[in-house]
Amino acid sequence: MTAPNMQPSSATAPAIGLPLKYFLTGAFFYLFANFLVLIEADLLAQALFPALQVKALTHSLTLGFITMLIMGASYQLVPVILETKIWSERLGNIQYYIFTIGVVALICGFYFGLPAELAASTLFLCTAVAIFVTNILMTAKKAGTSNLTARYLKTGLFYLVTAVTLGTILAINIFTGYDISDTQRLLKAHVITAMLGFILMTLIGVSLKLIPMFALSHVKIGRTAEITYYLLNGAVVVLFFGLLMSIPVLVALGGATAFAALFTYFYQMYLSHAKRKRRNMDIGIRHSVSGVIHLIIGMVLGAGILFGWAAKPAHYTAFAYFSLFGFVAIFIVGQMHKIVPFLVWFAKYADKVGLEPVPNMVEMVDKRLGEISFWLLNAGTLLTGIGILIGNVELIRMSAALLLIGSVAFGANMLMIVRR
Amino acid sequence: MDEKEAILENLKGVEDPELGVNIVDLGMIYEVEIEGGEARIVMTLTTMGCPMHDAIVRGATKAAERVVGEGKAHVTLTFDPPWDPERMSNAAKNKLGTI
């Protein structure tokens, strides 16, 4: 069997500047989010997650880092997965500026309590998300093919739109002062749609493709991954309605379904891990694997919330913290140790292969900075989470300082790769 | 050193950029033939859908052209048989931690 008609990846790859601007800006917001953890340690210790400053901190991470990264990575990886060029790189570039303005305005609006800025930010964010979704869907339509990874990504986009819509309603509610009878229900639905529907759906979809590829594990993405997909969708939908309409039995069912989805995902990852031919884990994979450990801690807390033995605000705050700062953020940091060198290698060295010695992608990452970010981000996250659970502001401050140094090391590593 | 050996030696300078191991030691080269002054290479990739595939194939072509001349090296990509990690040299297995 000769190779199927594989498009040269150089023919479909976007210009390096497009994904790179998202990655570097995202890295900055990650550092900023960790800075906010440090200066708002007292609010976290009191588990005052409704506080506007905590909302600013949360959205620095979820929008400024996580969503920014997902957007940039999508512009890089979707052409690889679908073997077709992005529908419009120009729109992707325009979107970046609109999205960044929206994120900055939202963070300022929350942090300084500025309802008008908050409402205005939603205009920018909605526009940026609309551009992004259109761009990715039109690219998928152009490709004409669909696989399970593409389905995960498209479904994630649907939940992104839903989450942003709910967020917009909540922000406008703050601005108008209109008293929707129970904004807490909308807020919970917004959180579930964003965290499980958009972020987790996208991360799982991408990791099912990338992790086996990096590990040289030729385990087929098959039935288990499909089961995960349907379970996760079921969980999001059931939790959405359960939280929105305050129906405890639906919330319990949705939570249990989410656990089932995660277990099937872990099983697929375990199969990949067991059959991998590449045993040595580079610093990027080590970061991502350590992120999963924080997810397990989050899941234990989630189980406690579900079954009622963890019902204090500190438990909810710690659950959100371990899930977002622990799993999602560190997982993405790990993947950035793979994606950014890939981008730079492709732009600078791809044409020199076979003509002169070129560095490989692992050599492009500074090992010492990688180790610093690995240990400090993990220790800092773990200790901050514990500090939140026990309400110890000094522990949170100390561990947040570790996080900040770790994120500086990470940011510096990324900059050094780009400047090669 | 004949031309075939020279090509293989040059192909050792082509690394999989993700794994940091050259494509000969990875066992990705299936055939190298010289016919009528032109080189024909049959090779595979460790993963179908590898995003680096054209950089690697182009690199292999250029490495061979340094022996037989520009435009006289032809690389065919195949997945039949698919890449087998057992084809890796011991040095490659050592580097990847497979042994």
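Predicted, not measured: the structure shown is a model, and the values here were computed from it.

Student: Help me understand the nonpolar core, please; the structure alone is not making it clear to me.
Tutor: When a protein is soluble and globular, its nonpolar side chains tend to lie buried together. Residues and elements named next belong to chain A. Residues F65 and M336 are the most contacted members of the largest nonpolar core, which totals 162 residues. Here the element with the most residues in this core is helix α12 (residues 313–348); it accounts for 20 residues. For M336, the contacting residues outside a window of four places in its chain are F23, A27, F65, L69, P341, F410 and M414. Core analysis: the second largest hydrophobic core is formed by 5 residues, L166, L170, A189 and F240 among them.

Student: How should I be thinking about the interface of chain A and chain B in this particular structure?
Tutor: By a frequent convention, interface size equals the accessible area lost on bringing the separate parts together. Across the boundary between the two partners, chain A contributes 31 residues, which contact 34 residues of chain B. The contact between chain A and chain B buries some 2,900 Å² in all, and 61% of this surface belongs to carbon and sulfur atoms. Viewed at the interface, chain B and chain A are joined by 3 salt bridges. The salt bridge involving R58 of chain B is made with D351 of chain A; its shortest N-O contact spans 2.8 Å. One can count 9 residue pairs in polar contact (both at pLDDT 80 or more) joining chain A with chain B. Every element with two or more residues in the side of chain A that touches chain B is listed here: α1 (9–12), α8 (183–215) and α12 of chain A. Here the side of chain A that touches chain B takes 4 residues from α12 of chain A, the largest share from any one element. Taken together, the residues of the side of chain A that touches chain B break down into 17 nonpolar, 8 polar and 6 charged.

Student: How should the pairing of strand β4 (residues 38–43) of chain B be read in this particular structure?
Tutor: Two faces make up the sheet, and in a regular strand the side chains alternate between them. Residue and element names in this part refer to chain B. Going residue by residue along β4, you find A39, I41 and M43 tucked away on one face and E38, R40 and V42 left uncovered on the opposite face. Adjacent in sequence and paired antiparallel, strand β3 (residues 29–35) and β4 are bridged by 2 residues, among which G36 carries a positive phi angle near 60°. Relative to strand β5 (residues 73–77), β4 runs parallel, the two being bridged by 5 bridges. Directly across from R40, in β5, lies its bridge partner H74.

Student: How should a nonpolar patch on the surface be read in this particular structure?
Tutor: Taken together, the side chains of I296, V300, F307 and W309 of chain A define a hydrophobic patch exposed on the protein surface, amounting to about 480 Å² of accessible area. Its location among the elements puts F307 of chain A in helix α11 (residues 283–307).

Student: I'm lost on the packing of aromatic side chains in this one. Help?
Tutor: Remark: the centre distance and the inter-plane angle together describe each pair of aromatic rings, the angle taken between the planes. Residues and elements named next belong to chain A. Taken as a whole, this structure holds 20 aromatic pairs over all chains when the rule is applied. On the numbers, 5.6 Å between centres and 65° between planes, the contact of F28 with F29 is edge-to-face. A network of ring pairs unites the aromatic residues Y22, Y75, Y96, Y97 and F132 as a single cluster. Sitting over the face of the ring of Y96, K21 holds its NZ or CZ atom 5.9 Å from the ring centroid. Just above the ring of Y229 sits the side chain of R151; from NZ or CZ to the centre is 5.3 Å.

Student: Help me understand the sheet that holds β3 of chain B, please; the structure alone is not making it clear to me.
Tutor: Pairing between sheet strands relies on hydrogen bonds along the backbone, with the strands arranged either parallel or antiparallel. All names here are of chain B. Spatial strand order, β3-β4-β5: 3 strands in an open sheet with mixed pairing. Two strands bound the open sheet, and with one partner strand each, they are β3 and β5. Looking at each pair of strands side by side, their axes are set apart by 15° on average, direction ignored. For β3 and β4, the ladder comprises 6 bridges, and the chain directions are antiparallel. Residue pairing across strands places V32 opposite I41, the latter belonging to β4.

Student: What's the story with α11 of chain A in this structure? I'm lost.
Tutor: Because the α-helix completes a turn every 3.6 residues, residues three or four places apart line up on one side. All names here are of chain A. Helix length check: α11 (25 residues) gives 37 Å between terminal C-alpha atoms against 36 Å at 1.5 Å per residue, within 8%. You can read the cap of α11 off the contacts: a side-chain oxygen lies 3.1 Å from the backbone nitrogen of G284, and it is on D282. G308 occupies a position one or two residues after α11 and carries a positive phi of about 90°.

Student: Quick question: what am I supposed to make of empty space enclosed by the protein here?
Tutor: In this approach, a probe sized like a water molecule rolls over the atoms, and the result shows the empty space that is left. Under the definition given, this model contains 6 cavities of 30 Å³ or more. Size it by volume and the largest cavity reaches roughly 290 Å³. Forming the boundary of the largest cavity are 20 residues, of which M213, F214 and F342 of chain A together with E18 and P51 of chain B lie nearest the centre. Among the elements of the structure, α4 (52–82), α8 and α12 of chain A are those that each provide at least two residues to the lining of the largest cavity. In terms of residue count, the dominant contributor to the lining of the largest cavity is α8 of chain A (4 residues).

Student: Could you clarify how one ought to interpret unusual backbone geometry in this entry?
Tutor: Trans is the common state for peptide bonds, and a negative phi is the common state for residues other than glycine. Of note, the amide linkage connecting D80 of chain B to P81 of chain B takes the cis form, showing an omega dihedral of 5°. Considering the arrangement of structural elements, one finds P81 of chain B in the loop between β5 and α3 (90–96). Of note, the phi angle at A47 of chain A is positive, near 55°, even though the residue is not glycine. Relative to the elements of secondary structure, A47 of chain A occurs in the loop between α3 (41–45) and α4. Even without glycine at this site, S246 of chain A takes up a positive phi of about 55°. Along the polypeptide, S246 of chain A turns up in the loop between α9 (223–244) and α10 (248–274). Using a relative accessible area of 46% as the deciding quantity, one classes S246 of chain A as partly exposed.

Calculation notes
Residues numbered from 1 in each chain as written. Chains lettered and ligands numbered in written order. Predicted model: local features only at pLDDT ≥ 70, side-chain atom pairs only at ≥ 80, totals over all residues. Heavy atoms only, no water. Core = buried A, V, L, I, M, F, W, Y, C linked by side-chain atoms within 4.5 Å. Buried < 20%, exposed > 50% of the residue type's maximum accessible area, 1.4 Å probe, protein only. Helix = DSSP H or I, 4+ residues; strand = E, 2+ residues; numbered from the N terminus. Contact = heavy atoms within 4.5 Å. Buried area = accessible area lost by both parts, 1.4 Å probe. Salt bridge = Lys/Arg side-chain N within 4 Å of Asp/Glu carboxyl O. Polar contact = N/O pair within 3.5 Å; in protein donor to acceptor, adjacent residues only side chain to side chain. Nonpolar A, V, L, I, M, F, W, Y, C, P; charged D, E, K, R; others polar. Pairing = 2+ DSSP bridges. Patch = residues over 30% accessible without salt bridge, like charges linked within 9 Å, V, L, I, M, F, W, Y side chains within 5 Å. Areas by Shrake-Rupley, 256 points an atom, 1.4 Å probe, with all protein chains shown as cover. Phe/Tyr/Trp six-rings, centres within 6.5 Å; stacked < 30°, edge-to-face > 60°. Lys NZ or Arg CZ within 6 Å of the ring centre and 35° of its normal. Axes fitted to C-alpha atoms, helices over the stretch in contact; angles between N-to-C directions. Expected span 1.5 Å × (residues − 1). 1 Å grid on protein atoms, 1.4 Å probe; cavity = no way out; pocket = protein on both sides within 12 Å on 5 of 7 lines; lining within 4 Å. Points joined across faces, edges and corners; volume = space filled by probe spheres on them.

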